[in-house]
Amino acid sequence: MQLPFFFEKNLPSAGNFFLGEETSRHIVQVLRMKEGEQIMLTNGKGYLLTAAITKADKKKAEVAIINQTYNDRPGSKISIAISLVKNTNRFEWFLEKATEIGVSEIIPLLCKRTEKHQMKWNRMHTIVTSAMLQSRQSWLPELREPVSFSDVVKSIQYSETFIAHCADGERKSIPDFDNNKSSKIILIGPEGDFTEEEISLALKNNFIPISLGETRLRTETAGLVAAVLLLNK
């Protein structure tokens, strides 16, 4: 049986330490764990600890580290820069699934046709954290604050840069590209797609136009399809 898995932002390298109140409450009140039982912890930056409960306090549980490992981030760094969508539930679905499959970074985009320009970052971060724990990973995707399309296009430095759009013109397929690049980013537009001006700006900044298939996809679906293609290329 797998040990319960928790997130703690700050983890020591050895000895005993106290857990945060939220983790402590879940361990003691919800799971009713006792002193001597073991848990697993990650800081979302590759570190994975096995620890034993030494004090079962619902506000400030104490644990002792049994062992510690560090896992390198698997594969290339994959960043999905995706427009916020009007339906918050759909964007939250994307965050959850993108985290589960191992995306490295998620950048909420503000485009000309983006209908929603705000998000509850703390709630979104909680969703990403929960998805990381559910999939038992030790790397938490970096979730950025919403940023304008032009700022992303002009400032991002990645080995490969792509834009997925539905406008006329030649578009390539992600599997056609080199698999050895260390970092990749793809831009996913809002409902209604990017404007011609946005596409032009991306192309001027060396973003490669990409097709995600023959059918027209919702924003959140396109983001997930792009993530899968980049992770498996």
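Keep in mind it's a predicted model, so treat the numbers as computed, not measured.

J.: Which parts of the structure should I look at to understand the packing of aromatic side chains?
T.: For any two aromatic rings, the description comes down to two numbers: the centre-to-centre distance and the angle of the planes. All chains considered together, the criterion is met by four aromatic pairs. Relative to F94, the ring of F91 has its centre 6.2 Å away and its plane inclined at 45°; by these criteria the two rings are tilted. Here F91 and its partner F94 are both found in helix α2 (residues 88-101), three residues apart, which amounts to about one turn of the helix. By relative accessible area, which is 2% here, F91 ends up buried. Judged by its relative accessible area of 0%, F94 is buried. On the basis of an interplanar angle of 50° and a centroid distance of 5.2 Å, the ring pair of F149 and F194 is categorised as tilted. In this pair, F149 sits in helix α4 (residues 149-155) while F194 sits in the loop between β11 (183-188) and α5 (196-204), placing the two residues 45 residues apart along the sequence. Judged by relative accessible area, F149 falls into the buried class, the value being 3%. Classification of F194 by relative accessible area gives buried; the value is 3%.

J.: It is not clear to me how the pairing of strand β3 (residues 38-42) should be interpreted in this structure. Could you clarify?
T.: As a general feature of sheets, a regular strand has side chains that alternate between the two faces. Of all five residues making up β3, four are buried, and the element is well covered by its neighbours. Strand direction decides the pairing type here: strand β1 (residues 5-7) and β3, joined by three bridges, are parallel. Of the residues in β3, the one forming a bridge with F6 is L41. With antiparallel pairing between neighbouring strands as the criterion, β3 and strand β4 (residues 47-55) make up a hairpin whose turn holds four residues, including G44 at a positive phi of roughly 75°.

J.: Honestly, the pattern of salt bridges in this entry has me stumped. Any pointers?
T.: A side chain with one charge may pair with a side chain of the opposite charge, provided their charged atoms come close. Tallying each qualifying case throughout the model produces five salt bridges. Of the charged contacts, one joins R90 and E220 as a salt bridge, the two residues approaching to 3.1 Å between their closest N and O atoms. One end of the pair, R90, is in helix α2; the other, E220, is in helix α6 (residues 219-231), and 130 residues separate them in sequence. The class of R90 is partly exposed, set by a relative accessible area of 30%. The partner of K97 in a salt bridge is E96, with the nearest N and O atoms 3.0 Å apart. Judged by its relative accessible area of 23%, K97 falls in the partly exposed class. Each of E96, K97 and E100 takes part in salt bridges that share partners, so that together they form one network.

Cut-offs used in this document
Residues numbered from 1 in each chain as written. Predicted model: local features only at pLDDT ≥ 70, side-chain atom pairs only at ≥ 80, totals over all residues. Heavy atoms only, no water. Phe/Tyr/Trp six-rings, centres within 6.5 Å; stacked < 30°, edge-to-face > 60°. Helix = DSSP H or I, 4+ residues; strand = E, 2+ residues; numbered from the N terminus. Buried < 20%, exposed > 50% of the residue type's maximum accessible area, 1.4 Å probe, protein only. Pairing = 2+ DSSP bridges. Salt bridge = Lys/Arg side-chain N within 4 Å of Asp/Glu carboxyl O.

These results come straight from atomic positions and should not be treated as a statement about function.
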